[in-house]
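Structural overview for review
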Amino acid sequence: MKKFFMIVIAIAVLSIAGYGIAYIVSPVKSIALEEYVHEVSVSCPDAFIIRNETVYYATSAGTVYDSTEEGDRVSRDTIISTIYNGNVDAGTLRELQTIDNNISRLRRTEAQSTLYSTDTASVESEVASRLNSVSDLAEDNDIEQIHEYKEDINNLRAGNDISIASKIEELTAEKASVESSISAGKTDIVCDRAGIFSSYTDGLESVLSPDRISEYDISYIRGLSAQSTRMQSGSSVAVGDPICKVMNNHMWYVLGIAGSDDASLCTVDADVTVRFSNLSGSSVPGTITYVSEPDENGEYLFLVEVSTFLESAFSYRNIDTDIIFEEYSGYKVPSEAIRTGDTLDSYYVYATLGSETYRCDCDVLYTDTNEGYSIIQSKENAENKLGSMERLVVGER
């Protein structure tokens, strides 16, 4: 009997030893550690950009001329276009355009310009500054600027005023002289608001107004189509034709359509990030200001208010966007690999570097219970950072 028990014990010892050896030599179940960005977002491929826009119409028939360049910022009470009665010679319009372009350029650089000074040292300093810049301008083949600098130098040495204001005054007088050669009368279009100038209109300016969105349902919005037209300088216009528009550049909106699955996300006052696929992934922050009641399919309209200037957005009406509600940047790992520490809100994982295994304390940023994964990042005070590891231990040996 004693011999029998000894045999049983020997078999048990051998079995335990076998399992122990297998545990030691078995490979660790692991995956490569890779950084990952997870977004909670709504895709809106057929969104609309909405702005407070004022369209200006022809009050007389004739030839339209834009004294403002596309995309320029204009101030209130600025002449943005002119309608000359009858036909105007194309050469005269080109001359006017050159003068207006020079005026616009001077106004854009006015803040960086130096006024004429009677002090001799200042005059010589201004002359020297322009002379030193000529070689660089020559390399860039900027003939226009070189010519302007030559005039500045001659005027400085003659004691004449070379201030931006005086140059604008001269150009304005030159423009008046050119206009006097046009025998027909004219009608100036003066903007009554500050904003961005555009000669493109699409017929949706009054329809897609921020304060009218609550009047529409989804089927109506989906049926809208922008008919973009441009009234070019030199075109003949009739009374009532749209000439141009000025858009508010401080506040604008994105109108999107979302489904029932996103109802918990799209709520009034929710802060979001709007990313534009059409604009090379450019993004701006925004806030949801309106959410409609869902239709029979559970879809609804929502409006995002944006107060960040984005120049390229002013060329679009229809836009492909993603509305991002949350974004988590870290490491995507199977949820089963996360272990709970001494307290409920402390977590850690095991990761390897070479042949060594380390405990890495982490924060859990996001968990998808349906898919079984989490987004984690190293705790700020963690001794072993995930960024210095190679692989994540998923299971036991």
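As shown above, the structure is provided for reference.
Source: prediction; values computed, not measured.

1. Describing the sheet that holds strand β3 (residues 62-66)
Pairing is antiparallel across the open sheet formed by four strands, whose spatial order is β6-β5-β3-β10. Bordering the open sheet on either side are β6 (186-190) and β10 (236-237), each of which pairs with just one other strand. Note: strand β5 (residues 79-84) against β6, five bridges, orientation antiparallel. Residue Tyr84 lies in a different strand from β6, and its bridge partner there is Lys186.

2. Brief notes about the nonpolar core
Proteins that are soluble and globular tend to have nonpolar side chains buried together. Of all hydrophobic cores here, the largest spans 27 residues; its most connected members are Trp252, Val274, Phe276, Ile288, Phe302, Val304 and Ile323. Listing elements by their share of this core, those giving two or more residues are β2 (35-57), β11 (242-258), β12 (271-276), β13 (282-291), β14 (300-306) and β15 (318-334). Beyond its immediate stretch of four places on either side in the chain, Ile323 contacts Val40, Ser41, Val42, Cys44, Val272, Thr273, Val274, Phe302 and Val304. Counting residues in each nonpolar core, the second largest holds 15 residues, with Ile50, Leu204, Tyr216 and Leu303 among its members.

3. Some details on the packing of aromatic side chains
With the rule as written, the count across this model stands at six aromatic pairs. Taking the centre distance of 4.7 Å and the plane angle of 25 degrees together, the rings of Tyr216 and Tyr220 count as stacked. Tyr216 gets classed as buried once you look at its relative accessible area, which sits at 10%. A relative accessible area of 37% means that Tyr220 is categorised as partly exposed. Taken together, a centroid distance of 5.3 Å and an interplanar angle of 25 degrees make the contact between Tyr328 and Tyr366 stacked. With Tyr328 in strand β15 and Tyr366 in strand β18 (residues 356-368), this pair connects stretches of sequence that are 38 residues apart. Since its relative accessible area comes to 18%, Tyr328 is described here as buried. Members of the aromatic cluster, each reached through a chain of ring pairs, are Trp252, Phe276, Phe309 and Phe314. Over the aromatic face of Phe309 sits the side chain of Arg73, whose NZ or CZ is 4.2 Å from the ring centroid. Taking the ring centre of Tyr373 as reference, the NZ or CZ of Lys332 above it sits at 4.3 Å.

4. Remarks on the pattern of salt bridges
Tallying each qualifying case throughout the model produces twelve salt bridges. We note a salt bridge from Asp202 to Arg317, for which the minimum N-O separation is 2.8 Å. Placement of the pair is Asp202 in the loop between β8 (200-201) and α6 (218-222) and Arg317 in the loop between β14 and β15, with a sequence separation of 115 residues. Using a relative accessible area of 5% as the deciding quantity, one classes Arg317 as buried. A salt bridge links Arg212 to Glu215, with the nearest nitrogen and oxygen atoms 3.3 Å apart. With relative accessibility at 31%, the residue Arg212 sits in the partly exposed group. For Glu215, a relative accessible area of 51% puts it in the exposed group. Among the charged side chains, a salt-bridge network with shared partners connects Arg51, Glu53, Asp202, Glu205, Lys245 and Arg317.

5. A word on the pairing of β11
Within β11, 14 of the 17 residues are buried, which leaves it mostly tucked inside the rest of the structure. Direction of pairing for β2 relative to β11: antiparallel, over a ladder of nine bridges. Across the sheet, the residue bridging to Tyr57 is Pro242, located in β11. Direction of pairing for strand β7 (residues 195-198) relative to β11: antiparallel, over a ladder of three bridges. Residue Phe197 lies in a different strand from β11, and its bridge partner there is Val246. Judged from the seven bridges that link them, β11 and β14 form a sheet pairing that is antiparallel. Bridge pairing in β14 places Val254 opposite Val304.

Thresholds applied
Residue positions are given per chain, counted from 1 along the sequence in the order it is written. Local features in this predicted model are restricted to residues of pLDDT 70 or higher, and side-chain atom pairs are both shown and tallied only at a pLDDT of 80 or more, whereas totals for entire chains, interfaces and linings draw on every residue. With hydrogens and water set aside, each side-chain value is computed from the structure's full complement of heavy atoms. Here a strand pair is declared whenever DSSP counts at least two bridges between the two strands. Every helix listed is a DSSP run of H or I at least four residues long, and every strand listed is a run of E at least two residues long, numbered separately from the N terminus. Buried Ala, Val, Leu, Ile, Met, Phe, Trp, Tyr and Cys residues that are joined via side-chain atoms within 4.5 Å together make up what is termed a nonpolar core. The cut-offs for exposure are 20% and 50% of the maximum accessible area for each residue type, with area from a 1.4 Å probe on protein chains only; residues under the lower value are buried, those over the upper are exposed, and the others partly exposed. The contact criterion used is simple: two residues touch if any of their non-hydrogen atoms lie within 4.5 Å. Pairing of aromatic rings covers Phe, Tyr and Trp, the last through its six-membered ring, and needs centres within 6.5 Å; plane angles under 30 degrees mean stacked, over 60 mean edge-to-face, and all others mean tilted. Note on criteria: charge over ring means Lys NZ or Arg CZ within 6 Å of the ring centre, with the direction from the centre no more than 35 degrees off the ring normal. Any carboxyl oxygen of Asp or Glu that lies within 4 Å of a side-chain nitrogen of Lys or Arg is treated as forming a salt bridge with it.

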